[in-house]
Amino acid sequence: MADKKKDPKDDDDYDFFAPHPHPTKVRVKNSFFNMVPDAFSGKSIDFKEDPRRTPTKKPNKNIADAPEEEKKEEEKKEEEAPPVEEKLEAEAIVIQEANPWDQSDTSAQSRLFLKGGRIVNDDQSFDADVYIEDGIIKQVGNNLVIPGGSRTIDARGKLIMPGGIDTHTHMQLPFMGTFAVDDFYSGTKAALAGGTTMIIDFVLDQKNVSLLEAYDKWRNWADGKVCCDYGLHVGVTWWSDQVSKEMEVLCKEKGINSFKVFLAYKDVFMLEDDEVYQTFVRCRELGAIGMVHAENGHLIAEKSQEMIARGITGPEGHEMCRPEEVEGEAVNRAVTIASQANCPLYICKIMSRTAANALANSRRKGNVVFGEPIAASLGTDGTHYWNKCWRHGAGHVMGPPLRPDSTTPGYLMDLLANNDLQVTGTDNCTFNADQKALGKDDFRKIPNGVNGVEDRMSVIWEKGVASGKMDPCRFVAVTSTNAAKIFNIYPQKGRIAVGSDADIVIWDPKATRTISAKTHHQAVDFNIFEGMTCHGVPEYVITNGHVVLDEGQLRVTQGMGRFIPTPCNSEIAFSRIRERERTCQPCKVERDGYDGPVAKIDGNAPEMITKTSNPILSADAGSDKFNSHCRPTTSSGGRNLHDSSFSLSGAQYDDKQAKRPSTRTLNPPGGRSDGIW
């Protein structure tokens, strides 16, 4: 009998990671973590699995236990199968259809090794390497044991940070007679170019449209186009029992945990205060976060008409009919309503000092409320509305508007750096020049919206970190981590840690770039940050383990992103709410019942007390409704001096009395005064 051929793997010094001498014939690809049974023990974090990222493996079947028909089918396949050698040769030229989320092939493309960088999380920064496989962070530390075939990215001198989360976008939104020009493809592509690896968009349809139908519409628009992961908020633009029931379905079955109401856009999106209260009560019951667009819609409608009547039709009228006091009042009102409903509140688009101060003061009083300034309010101001170029002014029109006080961006950045404000979005809702021109003769018809999804990270780094107002850890908190915590997707998103999604930005803090509409990746033809030079540029952007920005080269795949469900009852929002719900319930006073007499009502309305029935007043004192001379005259017929002589109508007490003829005195006491002069 021939000697059994020795397997080279039996040698003690066999190198598992060395290239195989016959790579075209051997196609066995085992993950290093499949070779080591306990590689994951005590290191990974359990998340709700997404079937698109981790396809379910079919269990191995025992042919002996299979039905007779399956046995015959398996035997037939074995007979038709080519010899092993021919099969291996053929495998070398087989071309498989690409599937970005098929993780069965753990090739070098799904393995990344980030070496030599400084990891920055919201709570700490440290020097370490990162190993990524199958879209998940597998190892973090130094002296890591890395499988062969991994791509190594040199991150020396760079910061390794969680990818940004933009909490506020409106991709391809139907609004004011047109659609936002950036759809879910161009918008998410631009987001990745700027270092944002997840957006949260708004489902926002007209009044009386089913929330479930609107949700399905947005999912159909987004799923086939997104280049990065995304989540959804849902706007509540009308209220009924149907809306209440659909909110429950959205929370329990559709992955929604936030609902937005509008205090502005009268007759379009706006709810009245009682409807806002009912919406917030329902949010609290479901464990969802209440969100609000805070402006006084009634005042805006009145002041808009005043501006048009004065002949003010340009973009400056947009700001003048929405002064910051209108925003501040709405923030106070929203906080009050949410507090009475015991619902956590998220205020979108903090644009002014007044609104920011109102929010900060409410937090100091213990209200569970979060504030979101946006890239526009942190990076520019409202003086542009008075620009002589109509297109330039209209390009900045948004609601609430940018404020003409040039110190506002710096003030908001100070509050953001010190946790009076918590997260950042963009309200990215872009319209080209011809779309903005719908309001060329009436600022009320200019579509509201600006860009920002691509430039948010660089603008905040420039205005916050490069200026010395915040450190890199706080930058990570306000651009990524806090959003992940509030919307309950942390630590899957918003952190560099074992088990988290490999959404990573390798950031060069020393590099600079100049923002321009000529070079940005968005579809819009205007950029509100035109000409701004920013320190801090993403050098590599990784989304779900795929390098999409590689040394300035953007390579994205349409439809590669996933919908990320946002579970209800996030700890940062509801831990205090639930405790207050338990301990702060209204209690009635236990007392003895009243057993005394009770007046009987005969059904007729009680007679109103009038001035004539008041013994203090005279019978004829009510002849003038503004008359304040109420007491009767004295016994001699004169005015009672206890009465005031003031009257709103201007009438005097003795107007009805006959005037005595005037008497000319020629020689008054002291003598005449005209004799000398």
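All figures in this text were calculated on a predicted structure; none of them were measured in a lab.

1. Here's the deal with the state of the cysteines
- Considering all chains together, one arrives at 0 disulfides under this definition.
- Free of any disulfide, C227 has its nearest cysteine sulfur in C228, 7.1 Å distant.
- You can see C283 has no disulfide; the closest cysteine sulfur is in C343, sitting 4.9 Å from it.
- A relative accessible area of 0% places C283 in the buried class.

2. Description of empty space enclosed by the protein
- Under the counting rule described, the total for this entry stands at 4 cavities of 30 Å³ or more.
- Here the largest cavity defines a volume of roughly 130 Å³.
- For the largest cavity, the lining is made up of 16 residues, of which H170, F175, Y265, K349 and D427 are closest to its centre.
- Residues that form the lining of the largest cavity fall into these classes: 8 nonpolar, 5 polar and 3 charged.

3. Brief notes about the packing of aromatic side chains
- Applying the stated criterion across every chain, the model contains 14 aromatic pairs.
- For the ring pair Y346 and F487, a centre distance of 5.4 Å and an interplane angle of 55 degrees mean the geometry is tilted. With Y346 in strand β15 (residues 345-348) and F487 in the loop between α17 (472-486) and β17 (504-514), this residue pair connects regions lying 141 residues apart in the sequence. Taken individually, Y346 and F487 each receive the classification buried, so the pair is uniform in this respect.
- The rings of F175, F262, Y265 and F269 are connected pair by pair, giving a single aromatic cluster.
- The ring of F563 carries R219 above its face, with NZ or CZ at 4.1 Å from the centroid.
- The ring of Y490 carries the charged tip of K485 above its face, separated from the ring centre by 5.1 Å.

4. Here we look at unusual backbone geometry
- With omega at -10 degrees, the peptide bond leading from G399 into P400 counts as cis.
- Turning to its location among the elements, P400 is positioned in the loop between α13 (390-395) and α14 (408-417).
- Between Y490 and P491 the backbone carries a cis peptide bond, its omega angle lying at 5 degrees.
- Note on placement: P491 falls in the loop between α17 and β17.
- Unusually for a residue other than glycine, K349 sits at a positive phi of about 60 degrees.
- Relative to the assigned elements, K349 resides in the loop between β15 and α11 (353-364).
- With a phi close to 65 degrees, N488 is a non-glycine residue in the positive phi region.
- Relative to the helices and strands, N488 resides in the loop between α17 and β17.
- N488 gets classed as partly exposed once you look at its relative accessible area, which sits at 23%.

5. As for the sheet that holds strand β4 (residues 129-133)
- Sheet architecture is open: 4 strands sit in the order β5-β4-β1-β6, paired in mixed fashion. The open sheet has two edge strands with one neighbour each: β5 (136-141) and β6 (151-154). Sheet twist, expressed as the mean angle between neighbouring strand axes with direction ignored, is 20 degrees.
- In terms of strand pairing, β4 meets β5 through 5 bridges, oriented antiparallel. Within β5, the position partnered with I132 by the bridge is I137.

6. Focus on the pattern of salt bridges
- A complete count under the given rule lists 35 salt bridges for this structure.
- In this structure, D154 and R156 form a salt bridge, with 2.6 Å as the shortest nitrogen-oxygen distance.
- When its relative accessible area of 39% is taken as the criterion, D154 is described as partly exposed.
- A salt bridge links R562 to D229, with the nearest nitrogen and oxygen atoms 2.8 Å apart. Of this pair, R562 sits in the loop between β20 (553-554) and α18 (571-583) while D229 is found in strand β12 (residues 229-235), placing the two residues 333 residues apart along the sequence. Take R562 and D229: they sit in the same class, and that class is buried.

The rules behind each value
- Residues numbered from 1 in each chain as written.
- Predicted model: local features only at pLDDT ≥ 70, side-chain atom pairs only at ≥ 80, totals over all residues.
- Heavy atoms only, no water.
- Disulfide = S-S within 2.5 Å.
- Buried < 20%, exposed > 50% of the residue type's maximum accessible area, 1.4 Å probe, protein only.
- 1 Å grid on protein atoms, 1.4 Å probe; cavity = no way out; pocket = protein on both sides within 12 Å on 5 of 7 lines; lining within 4 Å.
- Points joined across faces, edges and corners; volume = space filled by probe spheres on them.
- Nonpolar A, V, L, I, M, F, W, Y, C, P; charged D, E, K, R; others polar.
- Phe/Tyr/Trp six-rings, centres within 6.5 Å; stacked < 30°, edge-to-face > 60°.
- Helix = DSSP H or I, 4+ residues; strand = E, 2+ residues; numbered from the N terminus.
- Lys NZ or Arg CZ within 6 Å of the ring centre and 35° of its normal.
- Pairing = 2+ DSSP bridges.
- Axes fitted to C-alpha atoms, helices over the stretch in contact; angles between N-to-C directions.
- Salt bridge = Lys/Arg side-chain N within 4 Å of Asp/Glu carboxyl O.

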